[in-house]
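# Architecture at a glance
As a plain string of letters, each chain reads:
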Amino acid sequence: MAQKILIVDDETDILEFVGYSLRREGYEVHTAENGAIGLVKANEIVPDLILLDVMMPVMNGIEACAALRKNDRLSQTIIAFLTAKSDDISEIEGFEAGADDYIAKPIRPRLLISRVQALLRRRPTPYLADETQEEVIRLGDLLIYRERVQVLRVNATGETLDSIVLARKEFELLHLLASRPGKVFSREEIFSVIWGSDVIVGERTIDVHIRKIREKLGGDYVKTVKG
């Protein structure tokens, strides 16, 4: 079955150009002209990847990304901004809203396909309800389910208190750290494991994701070792 990609952009030329390039590679492509329409279509088709413009009428990309991340149906959907805005502030806003990557326009077709393929390779295998050996990490009062991409807070008896919603890269980063409690991971290790060598991100990306994790988890789960 072809992987589904949703392109959300108010420029018709971009929708046609990017859509054509992706269809040639065998992807099932859907389009939306603004963030509000994108939210509706994403909920309907549950795409594997969403390419999202930032500057759009009705609802901009940052607002749309934040809303998408609140939809449980889209918990395994990858979101990448495809935009002409390439300044640090815009990138930080995008990552804080829950984006997984930031691709600057203009972009050559082959480079775009390469980035899309790299992103989709990092998409986890969907959780199967009948799995009996699902990997679970216990971290204090947190249960981290790798296959479900889910974090639950539980009490002493194991009763669920609440579910903590994390963006995909936030979850992957938390899972990495929780998999080796006490180990100090260097920035280079984190970049390599979470983003891979074929995805370029800014120096402040890890800082943004760690701050968001701390805000959502509370407590003192993640510590920074200077130097």
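We now turn to the structure provided with this report. Since we're looking at a predicted model, the values are computed, not measured.

## So, helix H2 (residues 35-45)
Among the residues of H2, those classed as buried are Gly35, Gly38, Ala42 and Ile45. Each buried residue of H2 lies within a common arc of 95° when the element is viewed along its axis, so the set occupies one face. Residues of H2 that are buried in the fold lie against strand E1 (4-8), strand E2 (28-32), strand E3 (49-52) and helix H3 (61-68). After H2 finishes, the residue Val46 shows a positive phi value of roughly 50°.

## Comments concerning unusual backbone geometry
Despite not being glycine, Val58 shows a phi value in the positive range, around 70°. Tracing the chain through its elements places Val58 in the loop between E3 and H3. According to the relative accessible area criterion, Val58 is exposed, its value standing at 68%. Located in the positive-phi region is Val149, a residue other than glycine, with phi close to 55°. In this fold, Val149 is placed in the loop between strand E7 (142-145) and strand E8 (150-154). On the accessibility criterion, Val149 (13% relative accessible area) is buried.

## Examining the packing of aromatic side chains
Enumeration over the complete set of coordinates arrives at one aromatic pair. Summarising the aromatic geometry, the rings of Phe81 and Tyr102 are spaced 5.9 Å apart at their centres and angled 50° between planes, so their arrangement reads as tilted. Separated by 21 residues along the polypeptide, Phe81 in strand E4 (residues 78-83) and Tyr102 in strand E5 (residues 101-104) bring together distant segments of the chain. You can call Phe81 buried: its relative accessible area is 0%. Taking NZ or CZ as reference, Arg148 lies 4.1 Å from the ring centre of Tyr145, over its face. For Lys183, the ring lying beneath its charged end belongs to Phe185, and the centroid distance is 4.9 Å.

## Regarding the sheet that holds E7
By way of backbone hydrogen bonds, the strands of a sheet pair with one another, either parallel or antiparallel. Across the sheet, which stays open at both edges, the four strands sit in the order E6-E7-E8-E9 with antiparallel pairing between neighbours. Strands at the two margins of the open sheet, each flanked by one partner only, are strand E6 (136-139) and strand E9 (160-164). Averaged over all pairs of adjacent strands, the angle between strand axes in this sheet comes to 25°, irrespective of strand direction. For E6 and E7, the ladder comprises four bridges, and the chain directions are antiparallel. Across the sheet, Leu139 pairs through a bridge with Leu142, a residue of E7.

Conventions used here
Residues numbered from 1 in each chain as written. Predicted model: local features only at pLDDT ≥ 70, side-chain atom pairs only at ≥ 80, totals over all residues. Heavy atoms only, no water. Buried < 20%, exposed > 50% of the residue type's maximum accessible area, 1.4 Å probe, protein only. Helix = DSSP H or I, 4+ residues; strand = E, 2+ residues; numbered from the N terminus. Arc of directions from axis to C-beta. Contact = heavy atoms within 4.5 Å. Phe/Tyr/Trp six-rings, centres within 6.5 Å; stacked < 30°, edge-to-face > 60°. Lys NZ or Arg CZ within 6 Å of the ring centre and 35° of its normal. Pairing = 2+ DSSP bridges. Axes fitted to C-alpha atoms, helices over the stretch in contact; angles between N-to-C directions.

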